[in-house]
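Each chain, written out:
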Amino acid sequence: VARADLIINTKVGRYEANPADMFDFSHGRTIQSVQASLDRLKCGGYIDVIQLHDPEFSPSIQLLLDETIPALLEVKSRGWAKAVGITGYSLEIQKEILVRSAVRKGKSYEPPTFVFDQALTYCHANLHDMSLFIAPPPPSP
């Protein structure tokens, strides 16, 4: 199978089984993790989608905004990844990260540019949990 026929996704943020060492969302660890994935996966020098995984376990969203997300964008700009994604359980946390990381350019009425190319969630589209499909209440007048 040719590399161009494959889509390879991997993640950053969650690493070890030991809870004390499980999560690291720092800029340095994010870059190091992507480099290790490129070496380990032998995927032709790039990953199709690098995902920020389980951001709800970060000590703060600000850490993600200040360190992890800039590192992921650096990875993309270096050509190590074609796209940046986010994956986790909490829809509320994902939404907050997507909104707060969006870049506004130009006029206030112009839509923001989102830094994430992909957002995945799990356990929200099944017989036990349909929250992915529940529309938020309309805004108050």
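Our subject is the structure that appears above.
Criteria and cut-off values
Residues numbered from 1 in each chain as written. Predicted model: local features only at pLDDT ≥ 70, side-chain atom pairs only at ≥ 80, totals over all residues. Heavy atoms only, no water. Helix = DSSP H or I, 4+ residues; strand = E, 2+ residues; numbered from the N terminus. Polar contact = N/O pair within 3.5 Å; in protein donor to acceptor, adjacent residues only side chain to side chain. Contact = heavy atoms within 4.5 Å. Pairing = 2+ DSSP bridges. Axes fitted to C-alpha atoms, helices over the stretch in contact; angles between N-to-C directions. Buried < 20%, exposed > 50% of the residue type's maximum accessible area, 1.4 Å probe, protein only. Right-handed = clockwise from strand over helix to strand, strands pointing away.

(A) Spotlight on the side chain of Ser 58. Of note, Ser 58 is situated in the loop between strand S2 (47-53) and helix H2 (61-77). Among the polar contacts listed, one links the side chain of Ser 58 to the backbone oxygen of Ser 60, at a separation of 2.7 Å. Other than its neighbours up to four places away in sequence, Ser 58 contacts Phe 25, Leu 63 and Leu 64.

(B) Up close: the sheet that holds strand S3 (residues 81-88). The strand order across the open sheet built from four strands is S1-S2-S3-S4, with neighbouring strands paired in parallel fashion. Looking at which strands have only one partner, the edges of the open sheet turn out to be strand S1 (9-12) and strand S4 (118-121). Strand-to-strand, the axes of this sheet are offset by a mean angle of 30 degrees, without reference to chain direction. Pairing geometry for S1 and S2, over four bridges, is parallel. Looking at the pairing, Lys 11 lines up with Gln 51 of S2. Strand contacts of helix H1 (residues 27-41): S1 and S2, with the helix running at about 150 degrees to S1, the strand carrying the most contacts.

(C) Region of interest: unusual backbone geometry. In the Ramachandran plot, Lys 42 falls in the positive-phi region, its phi being about 45 degrees despite a non-glycine side chain. Checked against the element boundaries, Lys 42 lands in the loop between H1 and S2. We classify Lys 42 as exposed; its relative accessible area is 71%.

(D) Up close: the pairing of S3. By the criterion of burial, S3 is predominantly enclosed, with seven of the eight residues buried. The pairing of S2 with S3 spans six bridges and is parallel. Paired with Ile 47 across the bridge in S3 is Ala 81. Once you follow S2 into H2 and on to S3, the crossover reads as right-handed. In this structure, S3 lies alongside S4, joined through four bridges in parallel fashion. Paired with Thr 87 across the strands is Leu 120, a residue of S4. As for the winding sense of the linkage, the β-α-β connection from S3 through helix H3 (residues 91-101) to S4 is right-handed.

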